[in-house]
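What follows is each chain in one-letter form.
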Amino acid sequence: MKKLVVAICALALFACEQKNEVKPFTSVVVKDVYTKNVSIRAIEVLDGSVGFAGNNGVFGSVDLKTNKVITNVQKYDTILPEFRAVGTTGADFFMLSVTNPALLYKTGENGKMELVYTEKGDGVFYDAINFWNSKEGIAVGDSVDGCLSVIVTRDGGNSWNKIACNNLPEGIAGEGAFAASNTNIKIVGDKTWIATTKGRVFYSADKGTTWDVFSVPMTGLGETHGIFSLDFYNENLGFAIGGDFTKPEQNIKNKAVTTDGGVTWSLVADGKEPDYKSCVQFVPERNGNELVAVGFTGIAYSRDKGQTWKELSKEGFYTIRFVNDTLAYAAGKDRISKLIFK
């Protein structure tokens, strides 16, 4: 009898393990929730919704339960800004426009957006924004006066200050970031990584106070080729992706992985699929093994840290954010969609 009980327990444990086994994705179901004549490169999962902003001053949210969409239009004098970056502190929503003048808005009183930072001048072009916590955040733009444009807030986004060039790594002429998906900046705890157009990653271990710079072997194929997106699963494991949006079929030097916090990077799947992609994200709760990358070229999936990839769909998007390990929202030209991975 004792042996029978042990056997039954063992079978029950095996059944439980089988039930909880995580299966790799084999397909994705795409359901449009918002279709308008607006280009959207920036979305962010908020508390119960997905916030977004795009060109023509359009911004809004998608309710995660009902998929109801609420939109508005932000004007600056006679300008309808082009927003390519959004972020959240948890309490407030932020949206940042790209070009001169750069305009940064946060949630204000009575549901209106409040302008908290403006920058004017030749070469002004902002690419991404992210937050360490409810008080501290960072945004990055292309080089002005010899270094990347990096602004930070320490008071919940009410005021922003630009980091002086002598407090940043020495710049390279024409260095910036590709404003393709608002994934040029990644934060894990106090640590921060910024991907640039010159195949470099700026790294700060102390929330932007001091910086180092590391090289990624994704360069040498033209001005429009390089890192378009990066993500970190934890403080050690990271992935960068990109290519050349003018030569989207090219798949050389467009994917790299790091396991030491960005100090060193190795090319993976070089010369193999996927081709150009504008955004990559680790699938949550999958131990850092699984990645999804999107671009106007389609949706690709890896289950082995980017060593091999499978195309799940030819549906084109610019950016993606996961809600959980099987549900995500993606945005692109004229739409936001709900993605269910199976």
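Our subject is the structure listed above.
Residues numbered from 1 in each chain as written. Predicted model: local features only at pLDDT ≥ 70, side-chain atom pairs only at ≥ 80, totals over all residues. Heavy atoms only, no water.

### Re the overall build of the protein
How we decide: Every helix listed is a DSSP run of H or I at least four residues long, and every strand listed is a run of E at least two residues long, numbered separately from the N terminus. The quantity called the radius of gyration is restricted to C-alpha atoms. Its globule counterpart is 2.2 Å times the number of residues to the power 0.38. Throughout this description, buried means an accessible area under 20% of the type-specific maximum (1.4 Å probe, protein chains only), exposed means over 50%, and partly exposed covers the range between. When checking whether two residues touch, look at their non-hydrogen atoms; a contact exists if any pair is within 4.5 Å. Computed with the Shrake-Rupley method and a 1.4 Å probe, the accessible areas treat only the protein chains shown as cover for residues. We treat Lys and Arg as the positive residues and Asp and Glu as the negative residues; His and chain ends play no part in the count. Taken as the charge centre is NZ of Lys, CZ of Arg, CG of Asp or CD of Glu, depending on the residue.
When you go through the protein residue by residue, the secondary structure sums to one helix and 26 strands. For 342 residues, the compact-globule estimate of 2.2 N^0.38 gives 20 Å, and the C-alpha radius of gyration of the protein, at 21 Å, lies within 12% of that figure. Dimensions of the protein along its principal axes, counting C-alpha atoms only, are 80 × 45 × 40 Å. Going through the 342 residues of the protein one by one, you find that 52% of them count as buried. Taking as baseline every contact in the protein between residues at least 6 positions apart, the subset at least 24 positions apart corresponds to 48%. Carbon and sulfur atoms make up 50% of the accessible area of the protein, which amounts to about 15300 Å² in all. Each charge class in the protein can be summarised by its mean position, and for the 37 positive and 39 negative side chains these summaries are 8 Å apart.

### Focus: the nonpolar core
Filter applied, for reference: Only buried residues count toward a nonpolar core. Its members are Ala, Val, Leu, Ile, Met, Phe, Trp, Tyr and Cys residues joined through side-chain atoms within 4.5 Å.
Grouped together as the largest cluster of nonpolar side chains are 16 residues, with contacts concentrated most on V292, I299, I320, L339 and F341. Residue assignment for this core shows that the elements contributing at least two residues are β22 (291-295), β23 (298-302), β25 (319-322) and β26 (327-341). For this core, the element with the most residues is β26, which contributes four residues. Discounting chain neighbours no more than four positions away, the residues touching V292 are F25, C279, V280, Q281, V283, I299, A300, Y301, I320, F322 and F341. With 15 residues, the next largest nonpolar core counts A128, V140, F202 and W211 among its residues.

### Describing the environment of K314
Cut-off, in case you're wondering: Polar contact is the term for a pair of N or O atoms within 3.5 Å; when the atoms are in protein, one must be able to donate a hydrogen and the other to accept it, and sequence-neighboring residues count only if both atoms are side-chain atoms.
For K314, the position within the fold is in the loop between β24 (310-313) and β25. In this structure K314 comes out as exposed when scored by relative accessible area, which is 65%. Each C-alpha atom, one on K314 and one on E249, is 13 Å from the other, the two residues being 65 residues apart in sequence. What K314 contacts, discounting residues up to four positions off in sequence, is T297 and G298. For K314, the side chain forms a polar contact with the side chain of E311, separated by 3.2 Å.

### Observations concerning the packing of aromatic side chains
Formally: Any two of the Phe, Tyr and Trp rings considered here, Trp counted by its six-membered ring, make a pair once their centres fall within 6.5 Å; the pair's planes then place it as stacked at under 30 degrees, edge-to-face at over 60, or tilted in between.
Under the definition given, this model contains 19 aromatic pairs. Both rings, one in F83 and one in Y105, keep their centres 6.1 Å apart while their planes meet at 80°; by these two values the pair is edge-to-face. Here F83 is found in strand β5 (residues 83-88), whereas its partner Y105 is found in strand β7 (residues 102-107), with 22 residues between them in sequence. Looking at F83, the relative accessible area reads 1%, which means it is buried. Note on F228 and Y276: the rings are 5.0 Å apart at their centroids and 85° apart in plane angle, and the pair reads as edge-to-face. In this pair, F228 sits in strand β17 (residues 225-232) while Y276 sits in the loop between β20 (266-267) and β21 (279-282), placing the two residues 48 residues apart along the sequence. By the burial criterion, F228 is buried, and Y276 matches it. Taken together, F178, F228, F245, Y276 and F296 form an aromatic cluster joined through their ring pairs.

### Details of the sheet that holds strand β18 (residues 238-244)
Just so we agree on the cut-off: Two strands are said to pair when DSSP picks up at least two bridges between them.
On the basis of which strands lie adjacent, the open sheet formed by four strands has the order β17-β18-β19-β20 and antiparallel pairing. Two strands close off the open sheet at either side, each with one partner strand: β17 and β20.

### Thoughts on the pairing of strand β10 (residues 137-144)
Within β10, six of the eight residues are buried, which leaves it mostly tucked inside the rest of the structure. Where strand β9 (residues 126-131) and β10 come together, five bridges link them in antiparallel fashion. When the sheet's bridge partners are listed, A128 is paired in β10 with V140. Remark: five residues form the turn of the hairpin made by β9 and β10, two consecutive strands paired antiparallel. Both β10 and strand β11 (residues 147-153) contribute to a ladder of six bridges, which runs antiparallel. When the sheet's bridge partners are listed, V144 is paired in β11 with C147. What sits between β10 and β11 in their antiparallel hairpin is a turn of two residues, with D145 showing a positive phi close to 60°.

### What to know about unusual backbone geometry
Geometrically, the link from N100 to P101 is a cis peptide bond, its omega value of 0° lying close to zero. Cis peptide bonds are those with omega within 30 degrees of zero, and the linkage from E273 to P274 qualifies with 5°. Tracing the backbone shows P274 in the loop between β20 and β21. At N67, a residue that is not glycine, the phi angle is positive and equals roughly 65°. Among the secondary structure elements, N67 is positioned in the loop between β3 (58-63) and β4 (69-73). Judged by relative accessible area, which is 21%, N67 ranks as partly exposed. Unusually for a residue other than glycine, K305 sits at a positive phi of about 60°. Secondary-structure assignment places K305 in the loop between β23 and β24. By relative accessible area, K305 is classed as partly exposed at 29%.

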